[in-house]
Structures are given as structure tokens and as C-alpha cells.
Amino acid sequence: MIKKLLTIFLITAICICSSISVSAYTEQYVFDYENALSYDEVQELESTAEQIENEYGYCVMFCITDEETDENYAQNIYDTYTDNENGMVFVHDTESESYHYYVTEPAKSRFDLTKMQDAYDSNNSYFGGIEYFYTVVENSLSYDDTEIEYTDTDVYTTGDETDSSKSPVKTIILCIVVGMAMGFIIIFAIASKNKSVRMQKNATVYTRPGSFVVTGSYDNFLYKNLDKTPKPKQENKN
Amino acid sequence: MPTIAEQKCPCCGGGVQFDAGVQKLKCPYCETEFEINQLNQETADNVDSINWSAQDNQWSSGETDGMNVYSCQSCGGEIIADSTTGASKCPYCDNPVVMKGQFSGALRPDLVIPFKLNKKAAKEALKKHLADKKFVPKAFLDNNRIEEIKGVYVPHWLFTCDAIGNANFKATQVKTWSDNNYNYKETSYYDVYRSGNIGFDNVPVDGSTKMPDDLMESVEPFDLSQAVDFNTAYLAGYLADKYDVTAEESMNRANERIRTSVGDALVETVKGYDSIDSRVVNMNIANGFYKYALYPVWILNTSWNGEKFTFAMNGQTGKFVGNLPTDKKAVVKASLLLGAGISAVLCGLSFLLGWL
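The structure contained in this document is the topic of the report that follows. Keep in mind that this is a model prediction, so the values were computed, not measured.

The subject of this paragraph is the environment of I342(B). Along the polypeptide, I342(B) turns up in helix α6 (residues 328-352). In this structure I342(B) comes out as buried when scored by relative accessible area, which is 6%. Aside from chain neighbours lying at most four places away, what touches I342(B) is G179(A), M182(A), G183(A) and I186(A).

A few words on the pairing of strand β10 (residues 148-178) of chain B. All names here are of chain B. Looking at chain direction, β10 and strand β13 (residues 239-241) are connected through two bridges and run parallel. Each residue of the ladder has a partner; that of Y153, found in β13, is A240. Of the strand pairs in this sheet, β10 and strand β11 (residues 182-206) are connected by 22 bridges, and their pairing is antiparallel. Its bridge partner lying in β11, W177 is registered against Y184. Here β10 hands over to β11 after three residues, the two strands then running antiparallel side by side.

Okay, the sheet that holds strand β3 (residues 87-93) of chain A next. Residues and elements named next belong to chain A. Spatial strand order, β1-β2-β3-β4: four strands in an open sheet with mixed pairing. One side of each edge strand has no neighbouring strand; the edge strands of this open sheet are β1 (30-32) and β4 (98-103). In this sheet, neighbouring strand axes are inclined to one another by 10° on average, regardless of whether the strands run parallel or antiparallel. In terms of strand pairing, β1 meets strand β2 (residues 59-65) through three bridges, oriented parallel. Residue F31 lies in a different strand from β2, and its bridge partner there is C63. Against the sheet, helix α4 (residues 113-121) contacts β2, β3 and β4, and its axis sits at roughly 140° relative to β4.

Within the secondary structure layout, I77(A) lies in helix α3 (residues 71-81). The residues touching I77(A), leaving out its near neighbours within four places in the chain, are F31(A), Y33(A), M61(A), C63(A) and V89(A).

What follows concerns the packing of aromatic side chains. Per the stated rule, a full pass over the model turns up 35 aromatic pairs over all chains. Summarising the aromatic geometry, the rings of F90(A) and F133(A) are spaced 5.1 Å apart at their centres and angled 55° between planes, so their arrangement reads as tilted. A residue pair is termed long-range when its members are at least 10 positions apart, and F90(A) in strand β3 and F133(A) in helix α5 (residues 126-143) qualify at 43 residues. On the numbers, 6.4 Å between centres and 55° between planes, the contact of Y182(B) with Y184(B) is tilted. Judged by relative accessible area, Y184(B) falls into the buried class, the value being 14%. Connected via pairs of aromatic rings, a cluster forms that spans F62(A), F90(A), Y99(A), Y101(A), Y120(A), F133(A) and Y134(A). Lying across the ring of Y182(B), K228(A) places its NZ or CZ 4.5 Å from the centre.

Rules used throughout
Residues numbered from 1 in each chain as written. Chains lettered and ligands numbered in written order. Predicted model: local features only at pLDDT ≥ 70, side-chain atom pairs only at ≥ 80, totals over all residues. Heavy atoms only, no water. Helix = DSSP H or I, 4+ residues; strand = E, 2+ residues; numbered from the N terminus. Buried < 20%, exposed > 50% of the residue type's maximum accessible area, 1.4 Å probe, protein only. Contact = heavy atoms within 4.5 Å. Pairing = 2+ DSSP bridges. Axes fitted to C-alpha atoms, helices over the stretch in contact; angles between N-to-C directions. Phe/Tyr/Trp six-rings, centres within 6.5 Å; stacked < 30°, edge-to-face > 60°. Lys NZ or Arg CZ within 6 Å of the ring centre and 35° of its normal.

Any link to function would need more than the numbers given here.
What follows is the structure, encoded as C-alpha cells:
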């Protein structure tokens, strides 16, 4: 009984750990390599971006960096952090004060990059600019190419909106699916003990003690592969 | 007509049986105990000279193919058994009998492991086996009755050899590092070869088609150090078969098991790699020989819902096996209940961690 409980506990722990890692992977939308944003600001922007992806299916990332970058850099970030085929990355290169984009092919018609850049530029603070940027993105996705008027009230989201962006339904469904899968696995493992008749796989139990001697061996190197992937930069630790 | 041997008590004339508890022959009527060889010597001088024979016209041509007819030396009753039966009981007087011709000459087993556990132990083991298992239909537990318990000496071929094996593996080593901009993963591929010798003693293969192979392999292992030279006295009171699968026919199964073990032993020597696959094992056998032995097994039969369930217990070690029916509805119900419970716990943890 203790063994079974321990097994259940371990599987539960594994599932929770894996949920954490999955969550960390899918929720990274804002990359602040210049430490221009506070931790709370990053979290708020992450929530907004996640809400957009959950609601419209578009993954929109924003990156501030002090390195000289190009479109390839933007694409690398996008490919590294998501497998969503619909989305884009907006990169602000503070070193050369230039902007770079990467937009996936299916999403090209959905984003007005000029308006998005204007929205970002229109605010003096990084946080305000990015927040405005996401508002423009959301509006363009929700109204589908209709003309949008930008007002100050569009720029600042409320705390309530941020809380609602955590997608509890998704988490609950994930919990139920994982729970049910674990339930079936555990019960089937217990029920499988009703079958105790099976052929033996080997004759190891009949090995003569001390009789095993290795008479020849070699290890020949054949070839090697080198995989190189762009490194995600450190998050803002503020 | 084939003849049978019957161990008779010199005190009361009753048929004696091998008693697993005291490891001696014992008369169930007067409870006198005899050493194995003692009774053989005594009975050799007092062999019953009465032989009954069947009339020539009792069986038509071909009717007795695959069966032998014996005459009980105690009551004269006719015992019909198939051609592989080596020990049985007279259906009329219940006296244990051994068909002598089945275990003589080239058919004589080299070894026999005497029963260490009796019928009562087999019943207890079945009770424990049923008590331990979950999701067995209640109706099966309540209604099933053991229809038959029989102690059977099952013929086995025991293969001993020195195996000379070699194996090729594809192995990989993975090295990871990173610099300021990139993560690197270098995978190196190797062709790995190992060869070695390993000895195997007495790998058993079931020599009877009557016994399911998987059932016999499931009650392994037997402790062959407790085996004794074959003596028909050990068969008294039990059923016994002679082999009907030859050693040559059994070799493939022994080779299969030995080959797997050789591969397992060789792969254990491959160290320092992150993955090993594509195993190819070649094997040669040297100094191979085989023996013929009788292993003690208790067989318990029961039926439920028109399906027959067979259990087996190692008559030496007490290892008990046997498939049980599963209540599928109960499994689904329990899975849903447990799943719901785990889901609730996960939701609660998610809430506490702030994911909800």
C-alpha cells in the first residue's frame, strides 16, 4: 500500500514539474535584454500577450535588446520560443535605434507593422510603448483590418484585465486530462497484476556464477554531429 | 500389456505414497513410514505375481492409438492412460501406480526434485493468491470452486553449456556547452563490439505438451541442488508424465533464452555512452549437454463463466502463478474515481501556485 501511495505521489510530482516547465515555455513573450522593464511590468505584458494568443491564436513577442540585430535575430527568437505558425516578433535594437520584425507567412496580412511601430514610439516609457503596441495588435486582430482610433484609454489596461488573462479554463482542463491519465495508468498497473503467467525473457538466473569473461572489445568512433541553437538571453531579474 | 509398479505397505498391504512433509514413503492406512530405498528392496522380494491382461478383441484396430491399458495390481481394475502418463492413481481403488515402462531405459529421467509442499500448502497458496489481487470479479471469488488439485511431476529438459557470444552496438555520446550566443550539442556516434564467454547450468525447457509452456516458465526457478537421482518411489501418489517434446525440439527455446542473456551480459560491459541501440548478437554453443528431469508442480483447475482457469504452484519453492479474470467495469469505475481525485488535487495545487 505504501508503495502504491509513493508511486502516486511521485507521478503527481512529475506531472506538476512538467506542467511548470510547459508553462514557462509557452508564456514567454517579452524579452527585455536591456533591463528596461521592471519584473512586474514584464509579468503584466506577458499576461497581455498570452491573452492575445489564447483569444486570437496569434503569438506576438516583443524584444528590447542593446545588441545590433537583424531580421534573422528576430526569426531565431520566434522559432526558439514558440511553434505557433501564426505570430510575429518585434525587436527594438536600442544600440542602433532601429526596429526589426519577423512575421510568419500566414500572419502577414493580419498585422499593420507601421501602426504598431507608431504606437510603440508614441509613448515615452518602454512599458507604456509596449503596452500600447499590444493594444494595437489586439485591436487589429479583433476588428480585422478596420480603422482603429487610438485614445489614451486604450493604452492603459486595468488590473482586472490582467488577472483574467491567466486562462484558468486551460489549466483546469490540463489538470483533468493529466489526472484522468494518471488514474487510468495507476489502475491498469494494479489490474495487470492479475496476469502472472508469462514466458521468461532470458536464462540469466541459470548463469554459472563467475563464468562471464569478456574476450574481445573495441569502440570505433564513426562520426559526429554538431547542433547549434541560438541561446535565449537572460530575463530581467528586477 | 504394459506393466505397472505399485508401492505396497509390507505391514498392511495398502498402497504407499510419497509424503512431501517427511520426504519418505508413507502408508496412508497404517501411517508406517519407509525410506525410499528400503521399501524398494522389500517390495522387490514381494512383487505381486498376478497380472491381468485384456482380451484381444476388446479394442478395435486403431482405437487404442495414443493410449495404454494397465491392470491394477491391487484390485485388478483396468487403468487407461495416454501414452505419456507415467504415474497416476487407480480409478477404482485409488491406489497410486507408476507405469514402469515410461521411465525405463533411455526414457529414464536423470533427476527428480521431490515435492516439498503438499496439497494443503497449494490450497493455502491459492487462497493467498486470490486475496492479494484487486479487481477480480466478486462472483468469481464467491462461486469458484477448485475442481481439481493434482501434484504433477512435469518432464523438463535441462540444458548446460558454455555460450560464446559477440555483439555489435551503435552507441552515442552527447556533449553540450554554450557560449554567449549559442547552445551547442555534439553527438558522437560509435560502433561498439563486445565478445565473451558465459556458462549456463540447467536451463529448463518444458518437455510436455500437456503443460502450457508459459505456466511452467512462470513457476521457475527450481533449486536443482535439492534434486535426487530418479527413483519411481518419488512418483507414488502423484501424477507424472514422460516427455513428449524431445530434447532436440526443446533446444530452440533454450537457445533463445541463452542468447538474450548473453546479449544482456555483453551490453552491461558497454559503459560511458549516453545511448546504446541496434544490438546484434551472434552466439555459439560449446560443451553443451542436456539432462532429463522431473519437476514437481501443483496444478489447480477451476472454471468460471464457462472459462477454465489453471493455476500452478512450484512444488518445491511455493511460487504460485495463475491468471485471474478482471472486472472491467470495476477497473473503469476505479480509474475514473482515482482520476477525478488526482484532478482535484492538481487543481488545488494549481490554485495554490497561482496558476488559476
